Amino acid sequence: MAGIALATAILVQRYLGSLARFARFVGELSGEQEPAMPRLPFAPATEELASAAATLAAGWRRQRASIDNLAQSAQAIVDGLPDPLIGVDRQRRIVRTNRAARALLGSIGAERDLSTVLRHPALLSAIDALLETGADGNFVNPDQTAVDLVLSGVPEVEVIAHARRLPRAAADGSLALIVLHDTTALRRAERMRADFVANASHELKTPIAGLLGFIETLRGPARDDAAARERFLGIMAEQADRMRRLVDDLLTLSRIEQHEHARPDSAVDLARVLAGVRDLLQLKALARGVAVDIAVDPGLPRALGDYDELTIVFQNLIDNALKYARAGTAVKVTARPAGTDRVAVSVGDESDGIPAAHLPRLTERFYRVDNARSRQLGGTGLGLAIVKHVVNRHRGRLDIRSTPGKGSVFTVTLPVVP
Ligand SMILES: Nc1ncnc2c1ncn2[C@@H]1O[C@H](COP(=O)(O)OP(=O)(O)OP(=O)(O)O)[C@@H](O)[C@H]1O
Ligand SMILES: [Mg+2]
């Protein structure tokens, strides 16, 4: 009896030992690492159970990995969106942001109310309306809305906030998604277009008013005054010519703008361009008593560009230099390689120069340092705007340097044929 009792006790103890190992093994299955399957010779049924549990745990681990994967891909997609995105829950707390939102608004603590990062009453009440439910628990307002905002900061950013309610809350609790789309550039372009139309109309109005005035005078008081008629016709021709130049420049500008994004790709011999421009401007140079000296580096590589457009560029720059150079001086044009893959063409004059404050704005349309003087010299104020556009289209650069009292140097750098 004692022997049987002892044997039973030993067996029971081993069995219990196996069960304890089994329990530990099952406990460890829920951890990150897969535990080593224990040998359980004294409880064969438990060994089967253990292997079934291990299979379950492996399946569960695979599923969790794929869920983690999905969540990561979802966040990666949201992070990849260029516009800031914010997800808020039913209580308007922020539960998700993407990278652009964090870059714009700084790091946002989880579960903070939207008003802590975007203090815009119009947006907050739009979101409240989006999340509002009636007595029956149903939403009372349409599921999307948009609000224009100005985000303070330097510089200010104008955005349109598009907000949309999801059909039901997402796994992270997001019930409404807010996307902020930057409209600063768009608004600036709209304002520029409006300014441009106003400026262009204003520029045309003056010569038109002048022409009408002279026509009145010629029909009335000066009808029989031959000398006055001659003089007035001269002025009228000048005004008409001014309008023609303005319209020509506007058309050139709009033509270049239309294909600003296409890169010109012919091989252009800049020596030929510059010689052509000198011929075009020879009469003007003679009249102003200013020489045009051109020095082209003998080994100058050919530029990658468009012959006609580059002619317009240097015609404008040399024309400006001739307008402002002091009589008896020379406009110096030099073309030389710049680095391994660029050429630089400079147009320098000896003149009163341009005060530094004006330099950054010279290429704006209709911008003139001295309105009266430019008009009197026949300028429309569009020349450098055209130059800038052409140079941009060529992926080149325009640098302007000027020393008051001495003169200015305009340098165009262009890519060469590879
Ligand atoms: N070489 C220069 N020396 C001094 N001022 C210049 C020179 N080039 C340009 N400017 C200034 O820049 C302004 C803008 O030049 P831009 O060529 O765009 O216009 P414009 O010469 O007046 O007219 P346009 O060239 O359209 O006939 C000029 O009005 C002038 O004030
Ligand atoms: Mg000009």
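Computed from a prediction, not measured in an experiment: that's the story for all the values here.

Describing the packing of helix α9 (residues 307–324) against helix α11 (residues 383–393)
Move 1: One can describe the packing of α9 onto α11 by two numbers: an axis separation of 9 Å at closest approach and a directional angle of 145°. The handedness of the crossing between α9 and α11 is left-handed. On α11, the residues that touch E309, I312, V313, N316, L317 and N320 of α9 are G383, L384, I386, V387, V390 and V391.
Move 2: In terms of residue class, the contact of α9 with α11 is built from 8 nonpolar, 3 polar and 1 charged.

Examining the sheet that holds strand β11 (residues 397–403)
Move 1: On the basis of which strands lie adjacent, the open sheet formed by 5 strands has the order β7-β9-β10-β12-β11 and mixed pairing. If you trace the sheet from one side to the other, it starts and ends with β7 (291–296) and β11, each paired once. This sheet shows a mean twist of 15° between the axes of neighbouring strands, independent of strand direction.
Move 2: The pairing of strand β9 (residues 330–338) with strand β10 (residues 342–348) spans 7 bridges and is antiparallel. Considered in β10, the bridge of A338 is made with R342.

Points about the domain arrangement of the chain
Interface extent is often summarised as the accessible area lost during association of the parts.
Move 1: Taken domain by domain, the chain consists of domain 1 (2–78), domain 2 (81–182), domain 3 (186–258) and domain 4 (262–418).
Move 2: Measuring from the centre of the C-alpha atoms in domain 2 to the corresponding centre in domain 4 gives 51 Å.

Description of the environment of L310
Move 1: Mapped onto the fold, L310 is located in helix α9.
Move 2: Sequence-wise, L310 and P82 are 228 residues apart; in three dimensions their C-alpha atoms are separated by 36 Å.
Move 3: Filtering out sequence-adjacent residues up to four positions away, L310 remains in contact with V268, V273, A303 and G305.

A closer look at the packing of helix α7 (residues 270–280) against α9
When two helices pack together, their arrangement is given by the angle between the helix axes and by the axis-to-axis distance.
Move 1: At a closest axis distance of 9 Å, the pairing of α7 and α9 adopts a crossing angle of 50°. When the axes of α7 and α9 are compared, the pair comes out oblique. Here α7 runs over α9; the crossing is right-handed. Contacts between α7 and α9 involve V273, L274, G276, V277 and L280 from the former and Y307, L310, T311, F314, Q315 and I318 from the latter.
Move 2: Split into classes, the residues belonging to the contact of α7 with α9 amount to 8 nonpolar, 3 polar and no charged.

Each value, and the rule that gives it
Residues numbered from 1 in each chain as written. Chains lettered and ligands numbered in written order. Predicted model: local features only at pLDDT ≥ 70, side-chain atom pairs only at ≥ 80, totals over all residues. Axes fitted to C-alpha atoms, helices over the stretch in contact; angles between N-to-C directions. Helix = DSSP H or I, 4+ residues; strand = E, 2+ residues; numbered from the N terminus. Left-handed = near helix turned anticlockwise from the far one by under 90°. Contact = placed C-beta atoms within 7 Å. Nonpolar A, V, L, I, M, F, W, Y, C, P; charged D, E, K, R; others polar. Pairing = 2+ DSSP bridges. Domains from an automatic or database assignment. Parallel < 35°, antiparallel > 145°, perpendicular 65-115°, else oblique.

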